[in-house]
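Examination of the molecular architecture
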Amino acid sequence: MIKQTLYFGNPAYLSTKNGQIVIKTDDTVTTRPIEDIGIVILDDTQITITQSTITKLLENNVAFIHCNEKHMPVGMLLNLDGNTLQRQRFQKQIEASEPLKKQLWLQTVQAKIKNQASLLSHLGKDIKRMNYLQKSVKSGDPNNREAQAASYYWKHIFEDHIPDFSRSQDGPPPNNILNYGYAILRAAMARALVGTGLLPTLGIFHRNQYNAYCLADDIMEPYRPCVDYAVIEYIAQHGIPPETLCPKFSKHFLTVLQTDVYLGKERSPLLVALTRTSASLLACFQGKKRKILYPELNNAFKKN
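All of the points below concern the structure found in this document. (Residues numbered from 1 in each chain as written. Predicted model: local features only at pLDDT ≥ 70, side-chain atom pairs only at ≥ 80, totals over all residues. Heavy atoms only, no water.)

1. Focus on the overall build of the protein chain
Note the cut-off: Labels follow the DSSP assignment, with helices taken as runs of H or I lasting at least four residues and strands as runs of E lasting at least two, numbered in each case from the N terminus. What the globule rule says is 2.2 Å times the number of residues to the power 0.38, and the radius of gyration is computed from C-alpha atoms. The buried label goes to any residue with under 20% of its type's maximum accessible area, the exposed label to any with over 50%, and the partly exposed label to all in between, with areas taken from a 1.4 Å probe on protein chains only. The contact rule is simple, with two residues in contact once any of their heavy atoms fall within 4.5 Å.
Secondary structure summary: the protein chain contains 11 helices and 10 strands in total. At 19 Å, the protein chain has a C-alpha radius of gyration in line with the 19 Å of a compact globule built from 304 residues. When the backbone C-alpha atoms are referred to their principal axes, the protein chain occupies close to 55 × 50 × 35 Å. Counting every position in the protein chain, which comprises 304 residues, the buried fraction comes to 53%. Within the protein chain, counting contacts between residues at least 6 apart in sequence, those at least 24 apart form 66% of the total.

2. Description of helix H8 (residues 224-238)
The condition that has to hold: To estimate how far a helix should extend, the number of its residues minus one is multiplied by 1.5 Å.
Taking 1.5 Å as the rise per residue, H8 with 15 residues should run 21 Å; its terminal C-alpha atoms sit 21 Å apart, in good agreement. In terms of burial, H8 is a largely internal element, 11 of the 15 residues being buried. Buried residues of H8: Arg224, Pro225, Cys226, Val227, Asp228, Tyr229, Ala230, Val231, Ile232, Tyr234 and Ile235, and no others. Looking one or two residues beyond H8, the residue adopting positive phi is Gly239, at roughly 85 degrees.

3. Observations concerning unusual backbone geometry
Between Pro173 and the following residue, Pro174, the backbone shows a cis peptide bond with an omega angle of 10 degrees. For Asp141, which is not glycine, the phi torsion reads 50 degrees and is therefore positive. Its location among the elements puts Asp141 in the loop between helix H4 (128-135) and helix H5 (145-156). At Asn144, a position not held by glycine, the phi torsion is positive, near 55 degrees. On the secondary structure map, Asn144 appears in the loop between H4 and H5.

4. Focus: the sheet that holds strand S5 (residues 37-42)
Let me state the cut-off plainly: Two strands qualify as a pair provided that DSSP identifies no fewer than 2 bridges between them. A fitted line through C-alpha atoms serves as each axis, taken over the contacting stretch for helices, and the angle formed by two N-to-C directions is quoted from 0 to 180°.
An order of S1-S5-S7-S8 is seen for the 4 strands of this open sheet, with the pairing classed as mixed. Each edge of the sheet is formed by a strand with only one pairing partner; in this case those strands are strand S1 (4-8) and strand S8 (73-77). Along the sheet, successive strands turn relative to each other by an average axial angle of 20 degrees, direction set aside. Taken together, the 5 bridges between S1 and S5 define a ladder with parallel strand orientation. Looking at S5, one finds that Tyr7 is bridged to Ile41. Along the sheet, helix H1 (residues 51-59) contacts S5, strand S7 (63-67) and S8; its crossing angle with S7, the most-contacted strand, is approximately 130 degrees.

5. Structural notes on the pattern of salt bridges
Note the cut-off: When a carboxyl oxygen of Asp or Glu is within 4 Å of a side-chain nitrogen of Lys or Arg, the pair counts as a salt bridge.
Under the defined criterion, the tally for this structure stands at 12 salt bridges. Salt-bridge contacts for Glu98 lead to Arg207; the nearest nitrogen and oxygen are separated by 3.4 Å. Taken together, the residues span a long stretch of sequence, with Glu98 in helix H3 (residues 98-122) and Arg207 in the loop between helix H6 (175-196) and helix H7 (214-219) at a distance of 109 residues. Across the pair Asp160 and Lys125 runs a salt bridge whose closest N-O atoms are separated by 2.9 Å. Here Lys125 lies in the loop between H3 and H4 and Asp160 lies in the loop between H5 and H6, a separation of 35 residues in the sequence. The class for Asp160 is exposed, based on a relative accessible area of 57%.

6. What about the sheet that holds strand S6 (residues 47-49)?
Here we have 4 strands laid out as an open sheet, ordered S4-S3-S2-S6, and mixed in their pairing. The outermost strands of the open sheet, each flanked by one partner alone, are strand S4 (29-33) and S6. If you compare each strand with its neighbour and ignore which way they point, the axes differ by 25 degrees on average. The sheet contact formed by strand S2 (residues 12-17) and strand S3 (residues 20-24) spans 5 bridges and is antiparallel. Each bridged residue has a counterpart across the sheet, and for Tyr13 the counterpart in S3 is Lys24. On top of the sheet, H1 reaches S2, S3 and S6; it is set at about 65 degrees to S2, its chief contact.

Structure (structure tokens):
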């Protein structure tokens, strides 16, 4: 079953009863089965949620995303015990050798560049440079092909709408909606890793001591073009967004989590695909597989 994402952008009172989350607003009372929920996004300062509701949702491996007054995600809450074999799997992750992690990062960078190239191709851009970079990635990416590909990618992806676009965390729009989309994707990736029994803090490449989600940042890389494409679609329909986002905008980007992607020949909604990718990563740590199962996004873009 595909887990649902619940977004709350208005005042509400959230409680639980008989395995259901009870949602009370000024006008309505609705319920949803807790077992069907994967992500909850709280995007209003007047939302009240009971402690028992938080506990029951976390026990069901629901990820909580908290937004600030500008409607940007600022915090995330995850289950501490997402898998019954967690300690055993943590150990395999901790014991992973440097050569293995370098090989896994090679696969990750290649998959990311390939998917970036697929999106550029869908937009009618020349991808010869991207194809060269993707094929020339070495173990651990010592030549930083990822950054070289990113430089070319960001130069061309928005040029039909924003000729002088520069990707920067604190840059002008649409950097803000890219940040928003990546934050949602990161939370979904972290949830999938926890559910698999892996520690999202311990990365294969990212090692920032202040980052609690290094592994999520690693493994979400090939999925980023899903967010980029959603941003392109938004700009084409509505123009460049304002500096401060609104709840109406936020809801538009939740559809990214339901995007169909292809892993091999099998099509999966993105939330399901993240879990399959996490499971394949675990199999690599356990020595059962040698490749991470990453999506190929060319068909996902073509269908649109």
